[in-house]
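Descriptive structure summary
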Amino acid sequence: MQEFDVIVIGAGPAGLMAAKKLAEGKARVLCIDKKQEIGVPKRCGEGLSIKWMERVGLKPDPSWCLQEIDGVGLYSPSMKSLEIKFNRLSGYVIERRVFEKDLAKITASKGALIRTKCHAHSFERKDGQVIVTCIEQGFEVKYSAPLIIAADGTESLAARKLGLNTKITLDDIDSGYQYEMTNISFENPSYINLFFGTEIAPRGYVWIFPKSKTGANVGIGIGGKEEKTAKEYLDKFIQNHPGLKNGSIIEVNAGTIPVGDFLDEMTADNLMVIGDAAHQVNPIHGGGIGIAMEAALIAAEVALEAIEKRDFSQKLLSKYNGIWYKTRGNSLKKILKQRHMLEALDDKYFETLAESITGDDVMLIAEGKLAASAKMVIKKLVRHPKLVSVMLKYLK
Ligand SMILES: Cc1cc2nc3c(=O)[nH]c(=O)nc-3n(C[C@H](O)[C@H](O)[C@H](O)COP(=O)(O)OP(=O)(O)OC[C@H]3O[C@@H](n4cnc5c(N)ncnc54)[C@H](O)[C@@H]3O)c2cc1C
C-alpha cells in the first residue's frame, strides 16, 4: 500500500490547486479522479473572471482563455435588456478541458502524483491513517495518508464517509443543463447574456456564454424542486430564440449546483473539505471555479502546517474553517441573503427592476453590498412600495 502525506479526492479545480500547493510545500501528495480524462465532461458554463485568476495566482493563457468578456446583458421576462459594460476586460469564457489539464500538468511538475480512472469508494481510519480503497482501471487498490482532502464535488462521498454531515436539501440545489452550440448568432461575443423569468428559468436563469463569434455555452440553472426538467425549459428557450433555434449542439452537459448554504464545519480529524464538496459556490450566479481554487489554497496552507506538526486533529485543521469564513464565507453569506430576496420577487417586479435600476446597481446587489443596495432601493424604487418592502426585509 502506497503511503502519502495527503490524498486529494477529486482532480477538479479545487483538488488540483490544493495538490499543487501541497507539492510546492514538499508534501507527498496523491490526487485521484474517477474520470478517465481530467476536465471531461466539463459540466460548466466556463465563465471565469480575471479577479479570480489574480486571487489564485493564475495567468490567463491563450490556450484556454477563448473569449474575452467585458460586459453583461441582463434580460427581463419581457426581454427588456439592461447592459453592464465594464471599463476593462473582466474575464474569459475558458476551455475548461484544456485549463484543467494544464493545471494538472503544472501540479504534476511540482511533484504531485495524479491518477485518473481511480474511483475512491471506501475510507477507513486506522492508527492515525486513513486507508482509501479505490477501483483503479478495473483493479482494487489501497492508498493511505493521515490527511484526506475531499474535493470530490457536490455529491462528495469522502466527507460523508469520514463523518461530516454534508446533507443538502432540494431547496439548496440548482439543477443545471447546458448545450455547447455552434452556428448560432448573438449580438456581442464579448458579452455574456443572462435571461430571467419564472417561465424562462424558475429561480434561476438561462445563460449564453460565447466561446467565439458563432459558438457558445447555452445553459440553464433552475431550482431543484421544479416539476419540469431543466432540459425542457432550455429547449423551449432555444426554440423561441431566433439566433439559437437553428444552431447545432456539439456537447451536452448536466450537473447540480449547491447554491444554498456552505458546510458550517468543513473539517474533521484527518479530513478537510473544499470546493463544491463544501458547497462553496456563489449563491446568486452559481459560479464556483474561483471560489473552489481559493479555498484549496487556504486548506493546503493549513494542511502544510499539520504535516509539519504531525497533527491531523480537527482542532488544528479547523483553522481552515475560520480563515475561509473570514476570507470568503462571510461575504458569500450576504450574497445568499440577497438571493433569498430575489427569489421573493415575481416577474412583475423583475420588470420594474429592469426599468428602474442601472448596471452599477446590479453590481451592488451581486457583490452582496447590503447597505449600498438598501440605499439604492430606497432612492430608486420608492414608487413601488411592495417591491421596497420585499427588498428591505432581506437587506436589513
Ligand atoms: C451546468 C453548470 C454550469 C456551471 N458554470 C460555471 C461557470 O460558468 N463558472 C464557474 O465559475 N462555475 C460554474 N459552475 C460551477 C463549477 O463547475 C464548480 O463550482 C467547480 O467545478 C467546482 O470545482 P471542484 O473542484 O470543487 O469540483 P468538480 O469540478 O466537480 O470536481 C470534482 C471531481 O471529483 C471527482 N470525483 C468525485 N467523486 C470521486 C470519487 N469518489 N473518487 C475519485 N474522484 C471523484 C469528479 O470526477 C470530479 O472531477 C457550473 C456548474 C454547473 C453544474
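Structure first, text after, so check above.
This section reports on the structure supplied with the text. (Residues numbered from 1 in each chain as written. Predicted model: local features only at pLDDT ≥ 70, side-chain atom pairs only at ≥ 80, totals over all residues. Heavy atoms only, no water.)

1. Comments concerning the site of the ligand
Basically, it comes down to this: One heavy atom suffices: a residue is near a molecule or strand as soon as one of its heavy atoms comes within 4 Å of it. Whenever a nitrogen or oxygen atom comes within 3.5 Å of another N or O atom, the pair is scored as a polar contact, on the condition that within protein one atom can donate a hydrogen and the other can accept it, and that pairs from neighbouring residues in sequence are kept only if both atoms are in side chains. Note on areas: Shrake-Rupley with a 1.4 Å probe; residue coverage comes only from the protein chains shown. Classes in brief: Ala, Val, Leu, Ile, Met, Phe, Trp, Tyr, Cys and Pro nonpolar; Asp, Glu, Lys and Arg charged; the others, Gly included, polar. Source of the domain bounds: an automatic or database domain assignment.
Asp33, Gly45, Gly47, Arg96 and Asp276 are the nearest of the 34 residues found near the ligand. Here aspartate 276 contributes a side-chain N or O atom positioned 2.7 Å from an oxygen atom of the ligand. Here isoleucine 289 contributes a backbone N or O atom positioned 3.0 Å from an oxygen atom of the ligand. When the ligand sits alone it has 1000 Å² of accessible area, and the protein chains cover 91% of it. Here the residues of the shell around the ligand sort into 14 nonpolar, twelve polar and eight charged. Residue contributions to the shell around the ligand reach at least three from each of two domains, namely domain 1 (2–45 + 97–168 + 261–335) and domain 2 (70–93 + 170–257).

2. Observations regarding the nonpolar core
Burial of nonpolar side chains together is a common tendency in soluble globular proteins. For the record, the criterion: Grouping buried Ala, Val, Leu, Ile, Met, Phe, Trp, Tyr and Cys residues that are joined through side-chain atoms within 4.5 Å yields what is termed a nonpolar core. We call a residue buried when its accessible area falls under 20% of the maximum for its residue type, exposed when it is over 50%, and partly exposed in between, using a 1.4 Å probe and counting protein chains only. Note on conventions: DSSP H or I runs of at least 4 residues are helices, E runs of at least 2 residues are strands, and numbering of each starts at the N terminus.
Counting 83 residues, the largest nonpolar core has Leu22, Tyr320 and Trp324 as its most contacted members. Counting residues per element, this core draws most heavily on helix H6 (residues 289–309), at 13 residues. Residues Tyr179, Ile184, Val206 and Leu234 belong to the second largest nonpolar core, which totals 21 residues.

3. Brief notes about H6
Heads up, the condition is: By this rule the span expected of a helix is its residue count minus one, scaled by 1.5 Å.
Taking 1.5 Å per residue as the helical rise, H6 with its 21 residues ought to reach 30 Å, and the 31 Å between its terminal C-alpha atoms agrees with that figure. A positive backbone phi angle near 50° is found at arginine 310, which sits one or two residues after H6.

4. Overview of the sheet that holds strand E15 (residues 191–195)
Put simply, the test is: Two strands qualify as a pair provided DSSP detects at least 2 bridges between them. Between N-to-C directions, angles cover 0 to 180 degrees, with each direction set by a line fitted to C-alpha atoms, over the stretch in contact for helices. Residues are treated as being in contact if the distance between any of their heavy atoms lies within 4.5 Å.
Spatially, seven strands are ordered E7-E6-E15-E16-E17-E14-E18 in an open sheet, and the strand pairing comes out mixed. One side of each edge strand has no neighbouring strand; the edge strands of this open sheet are strand E7 (81–85) and strand E18 (248–257). On average, adjacent strands in this sheet sit at an angle of 15° to one another, irrespective of strand direction. When strand E14 (residues 174–182) meets strand E17 (residues 215–223), the two strands line up antiparallel, connected through nine bridges. Looking at the pairing, methionine 181 lines up with alanine 216 of E17. Relative to E14, helix H5 (residues 230–239) is tilted by about 40°, and along the sheet it contacts E14, E15, strand E16 (205–210) and E17.

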